[in-house]
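Summary of structural features
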Amino acid sequence: MGRSIRRKEMAIRTREEYIESLRRQRPNVYMNGEKIENIVDHPAFRVGLNSAAVTFEQANHPEHREMARVWSPLVNEEVSRWTYLMMDEKDAIAKAKLNRALGDLLCPCHYRCLTSDLLHAAWAVSYEIDRSHHTTYHQNVIEIVKQAQKNDWIIGGGLVSPKGDRSKGVMQQRDPDMYLHVVEKRADGIVVRGAKAHGTAAPYTNMLCVCEMEMVPEYYVGFFTPVDAKGITYVCRAPHAPVEREEIDHPLSSRFGGHVEAMIVFDDVFVPWERVFMCGEVESIMTFGLILSAMHLWHKCLCRWGNIDLSIGAAALLADYNGVAGAPHILDGLSQMAVDAELVNACAMAAAVEGSRHESGIYYPRLAPVAAGKLYAAMKVGEHRYLMQDAAGGLVATMASEKDYRSPIVGKYLEKYYQGKEGLPTENRVRAFKLMEDLTASEFAGWYHVMCITGGSPSKTLKDLVAMACNYERCKRKAMAAAKIQ
Ligand SMILES: Cc1cc2nc3c(=O)[nH]c(=O)nc-3n(C[C@H](O)[C@H](O)[C@H](O)COP(=O)(O)OP(=O)(O)OC[C@H]3O[C@@H](n4cnc5c(N)ncnc54)[C@H](O)[C@@H]3O)c2cc1C
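Anyway, here's the lowdown on the structure attached to this text. (Residues numbered from 1 in each chain as written. Predicted model: local features only at pLDDT ≥ 70, side-chain atom pairs only at ≥ 80, totals over all residues. Heavy atoms only, no water.)

1. Comments concerning the packing of helix H6 (residues 113–133) against helix H8 (residues 285–322)
Using the following cut-off: Axes, fitted as lines to C-alpha atoms, cover a helix only where it is in contact. Angles between the N-to-C directions of the axes lie from 0 to 180 degrees. The secondary structure listing takes helices from DSSP runs of H or I that are at least 4 residues long and strands from runs of E that are at least 2 residues long, numbered from the N terminus. Reported orientations rely on four angle classes, namely roughly parallel under 35 degrees, roughly antiparallel over 145, roughly perpendicular from 65 to 115, and oblique for the rest. Here is the rule for handedness: rotate from the far helix to the near one, and if that takes an anticlockwise turn smaller than a right angle the crossing is left-handed, while a clockwise turn gives right-handed. The criterion used for residue contact is that any of the two residues' heavy atoms lie within 4.5 Å. Residues are grouped as follows: Ala, Val, Leu, Ile, Met, Phe, Trp, Tyr, Cys and Pro are nonpolar; Asp, Glu, Lys and Arg are charged; all remaining types, including Gly, are polar.
In contact at an axis separation of 8 Å, H6 and H8 are set at 160 degrees when each is read in the N-to-C sense. It follows that H6 is roughly antiparallel to H8 by the angle criterion. As for how H6 packs across H8, the hand of that crossing is right-handed. Where H6 abuts H8, its residues Cys 113, Leu 114, Ser 116, Asp 117, Leu 118, His 120, Ala 121, Ala 122, Ala 124, Val 125 and Glu 128 lie against Thr 287, Phe 288, Ile 291, Leu 292, Met 295, His 296 and His 299. The residue inventory of the contact of H6 with H8, partitioned by class, reads eleven nonpolar, five polar and two charged.

Here it is in structure tokens:
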């Protein structure tokens, strides 16, 4: 059971310790056609590393550290809540509060969610498979969770394969590698081939968890592997964010927010049996899929809640700086966003309270509320940007750059003509507009929009999940009873 204490800190890393751990790894990374030997000091990785470091900063933050830490009976030590396995509703509520508090540290995507999602799902599914197949996967996962907790790992998730032609099933693809698969089973392990199409942050995590969940035994596999295992290549694209830190332009995305995205290629990678937790036991898909989705969508709702808050703040600030804070249509827009934030938050909290305890001992949130919440939040991103930009005005897209604002020649014009509400320093208004641009009209804003819409799951899948939980037959029976139909 989780109990926060202060006396031991061994398994909690600092930001610096996390980054130092990456120096000991040698992932095979390419970007823009070039091999990158040292990602830690490469400018394209700066923003991604900052973003991934946020949960480590939070665990050492004077106001957050207490909620970020919890006692783990598994290793008999205080560990991060991101590697800890929830056991009951109280743990889920504590985790929800932690994730929401992360919103106050302003990082839109810390990517520690998948560490937690994957450890919970692997723990439960390995327990179930062992029971029906007499395998020893669960002990493998226990050892992985212990290491994750003791070393305070961040784990990367390789889940979605390239998939090729979506109208065809896994066995009908012309190229068998469109889905990751086991090409050889050996006495000491398995060999896998394929790729994962969207490995956010993968090269700067400490361990990868890779899964394929197709209903064909060789295409149903789950395992952990070091990020620098032989045969793994990362083809990366730079984050949708400036390479260098900026003071006024891109105030958010030049600090953190965007991540390096990678296609992860598995070119006959050997995985020892000790790191495998499923391999061909297709009937376990329900458990793994359910827990992984419930956990991931839950974290997505919690993150969106914090980000909507920031959107409300940016719109309210600019309305104030423009001198239109009391305008009814702007207040109405702010209220709409506040309603949406509460609804998404309510979905996450309902899921936490109505979660289930799996027989393996872990607790996970209820899926339907967070599938609905994630879908709702995704649909609202565009509307919120409409409200935010409408409240702010055209300078969101037309304001001159920081360099011009600081220019000894033209800066004086901008200082004069960018004035807003009487008595307000012009620079405050300039900064607020640049934040609004970053949040709604920058390259980072585009990445974030796609992440909200598609990341985690496309909308159709989410609607199907909610519809399944609703059970139309049950609803029809109610209607029949109301209409007195026998
Ligand atoms: C910013 C970002 C970060 C991400 N990070 C990660 C990560 O770290 N790890 C990871 O594993 N994944 C990651 N993802 C992947 C994400 O989970 C997927 O993009 C998502 O699951 C959708 O898969 P897809 O992109 O292949 O789209 P598709 O599955 O191709 O969906 C596109 C559209 O086609 C429809 N469609 C698909 N198949 C069919 C069919 N057979 N019949 C009818 N309609 C169909 C869908 O409903 C949807 O409308 C990330 C995605 C984004 C955008």
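2. Concerning the side chain of Thr 55
Relative to the assigned elements, Thr 55 resides in helix H3 (residues 54–59). Not counting the four nearest positions on each side in its chain, Thr 55 is found in contact with Trp 82, Leu 102, His 110 and Arg 112.

3. Regarding the pattern of salt bridges
Counted only if it meets this: Whenever Lys or Arg places a side-chain nitrogen within 4 Å of a carboxyl oxygen from Asp or Glu, that contact is recorded as a salt bridge. Per-residue accessibility, obtained with a 1.4 Å probe over protein chains only, is compared with the maximum for each type, and a residue is labelled buried under 20%, exposed over 50%, and partly exposed between these values.
All told, the structure shown has 24 salt bridges when counted by the stated rule. In this structure, Arg 186 and Asp 188 form a salt bridge, with 3.4 Å as the shortest nitrogen-oxygen distance. Judged by relative accessible area, which is 34%, Arg 186 ranks as partly exposed. Asp 188 gets classed as partly exposed once you look at its relative accessible area, which sits at 40%. One salt bridge connects Lys 460 with Asp 464, and the closest N-O pair in it is separated by 2.8 Å. On the criterion of helical spacing, the pair formed by Lys 460 and Asp 464 is a turn pair, its members being four residues apart in helix H16 (residues 459–470). Relative accessible area serves as the criterion here: at 54%, Lys 460 is assigned to the exposed category.

4. Quick look at the packing of aromatic side chains
The line we're drawing: Any Phe, Tyr or Trp ring, taking Trp's six-membered ring, that has another such ring centre within 6.5 Å forms a pair; planes under 30 degrees apart are called stacked, those over 60 apart edge-to-face, and the others tilted. Charge-over-ring contacts are defined here by two conditions on Lys NZ or Arg CZ: a distance within 6 Å of the ring centre and an angle within 35 degrees of the ring normal.
Under the defined criterion, the tally for this structure stands at seven aromatic pairs. With a centroid separation of 4.8 Å and an interplanar angle of 10 degrees, the aromatic rings of Tyr 18 and Phe 56 are classed as stacked. Highlighted residues: Tyr 18 in helix H1 (residues 15–23) and Phe 56 in helix H3, separated in sequence by 38 residues. Its relative accessible area of 0% is what places Tyr 18 among the buried residues. Taking relative accessible area as the criterion, Phe 56 reaches 1% and is therefore assigned buried. Just above the ring of Trp 305 sits the side chain of Arg 100; from NZ or CZ to the centre is 4.8 Å.

5. Considering the sheet that holds strand E9 (residues 220–225)
Spelled out, the test is: Paired strands, as defined in this entry, are two strands with at least two bridges between them according to DSSP.
Judged by pairing direction, the sheet is mixed, and its four strands sit side by side in the order E5-E8-E9-E12 without closing on themselves. Because the sheet does not close on itself, it has two edges, and the strands there are strand E5 (155–158) and strand E12 (276–279). Averaged over neighbouring strand pairs, the angle between their axes works out to 15 degrees when direction is ignored. Sheet analysis places E5 next to strand E8 (residues 207–213), joined by four bridges and oriented parallel. Each residue of the ladder has a partner; that of Gly 158, found in E8, is Val 210. Most of the contacts of H6 go to E5, to which it runs at about 70 degrees, and overall it touches E5, E8, E9 and E12. Strand contacts of helix H7 (residues 137–151): E5, E9 and E12, with the helix running at about 140 degrees to E12, the strand carrying the most contacts.

On their own, these measurements won't tell you what the molecule is for.
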